[in-house]
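Each chain is listed here by its residues.
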Amino acid sequence: MDALILRDKKLEINDIPEPELNDGEAKVKVLYAGLCGSDMHRIDHYDGDQPLVLGHEFVGEVVDINCDNIRDSVNAKIGDIVAVSPTLPCNECENCAEGNDNLCNSFHGIGRDRPGAFAEKVNVPISNLVCIPENSIYRNYVLADVVAVCLHAIEDMAGNVQGKKCLIIGDGAIGSV
């Protein structure tokens, strides 16, 4: 399958093998992917020794699911259109135990240190799938991660801002939302 690979601070399109689907994962055919500021930063500063497929803001279609040994319910099925939460917390550290998986001590992420969505297909944990309602404008959901960051900041930092005057600082996607 075609993928945009970051290698030696350069991007190139390469044909790579389709990843094996592990238990607890879904294979998602990428329909839309966004280019995040963190992707841009990684292009200039990635010092990993392995090629990397970037892309963590995306929407796709579930084309395969491997849930043979999953105890939790699986909300998605083959054919569903999904947005994907890109975070891969350890679920074991103190921050994860307190519900702050965004502050995980050993945080990993799709498109960060695991192959991302700048490829035809990407494997993701089933628990990270968020089904998008039919008749939605699917490409808009590429911004789901951006909107989640905004809402998290408001809820955790500012509290209830309804009816209040607020100053938003930032000219990037998050500041614009």
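Above: the structure in question.
Let us look at the structure shown here. This is a predicted model, so every value here is computed, not measured.

Criteria and thresholds
Residues numbered from 1 in each chain as written. Predicted model: local features only at pLDDT ≥ 70, side-chain atom pairs only at ≥ 80, totals over all residues. Heavy atoms only, no water. Pairing = 2+ DSSP bridges. Helix = DSSP H or I, 4+ residues; strand = E, 2+ residues; numbered from the N terminus. Buried < 20%, exposed > 50% of the residue type's maximum accessible area, 1.4 Å probe, protein only. Contact = heavy atoms within 4.5 Å. Polar contact = N/O pair within 3.5 Å; in protein donor to acceptor, adjacent residues only side chain to side chain. Expected span 1.5 Å × (residues − 1). Axes fitted to C-alpha atoms, helices over the stretch in contact; angles between N-to-C directions. Salt bridge = Lys/Arg side-chain N within 4 Å of Asp/Glu carboxyl O. Core = buried A, V, L, I, M, F, W, Y, C linked by side-chain atoms within 4.5 Å.

1. Structural notes on the sheet that holds strand β4 (residues 52–53)
An order of β2-β1-β4 is seen for the three strands of this open sheet, with the pairing classed as antiparallel. Two strands close off the open sheet at either side, each with one partner strand: β2 (10–15) and β4. Judged from the two bridges that link them, strand β1 (residues 2–7) and β4 form a sheet pairing that is antiparallel. Residue pairing in the sheet places L6 in a bridge with L52 of β4.

2. Some words on the environment of H108
Examined against the element boundaries, H108 turns out to sit in strand β8 (residues 108–109). Classification of H108 as partly exposed rests on a relative accessible area of 40%. H108 has contacts with P86, T87, L88 and D113, leaving out every residue within four places of it along the chain. Within polar-contact distance, the side chain of H108 engages the side chain of D113 at 2.6 Å.

3. Remarks on helix α3 (residues 144–158)
With 15 residues, α3 should cover 21 Å at 1.5 Å per step; its first-to-last C-alpha distance of 20 Å lies within 8% of that length. Two residues or fewer after α3 comes G159, characterised by a positive phi angle close to 75°.

4. Examining the sheet that holds strand β6 (residues 81–84)
Taken in spatial order, the five strands make up an open sheet running β9-β3-β5-β6-β10, and their pairing is antiparallel. The strands lining the two open edges of the sheet, one partner per strand, are β9 (121–125) and β10 (129–131). Each strand of the sheet is rotated relative to its neighbour by a mean of 45°, with strand direction disregarded. Two elements, strand β5 (residues 57–66) and β6, share three bridges in a ladder whose sense is antiparallel. Each residue of the ladder has a partner; that of E61, found in β6, is I81.

5. Some remarks on the pattern of salt bridges
Per the counting criterion, the structure on display carries five salt bridges. In this structure, K27 engages E18 in a salt bridge whose closest nitrogen and oxygen atoms are separated by 3.6 Å. Here D80 makes a salt bridge to K77, at a shortest N to O gap of 3.0 Å. Overlapping salt bridges bring together E18, K27 and K121 as one network.

6. Comments concerning the nonpolar core
Judged by nonpolar contacts, the single largest core of 16 residues is most densely connected at F58, V124 and L129. Listed by contribution, the elements that provide at least two residues to this core are β3 (25–34), β5, β6 and β9. For L129, the contacting residues outside a window of four places in its chain are A26, V28, V62, A76, V82, A83, V84 and V124. With ten residues, the next largest nonpolar core counts M1, I5, L52 and A119 among its residues.

These values are about where atoms sit, not about what they do.
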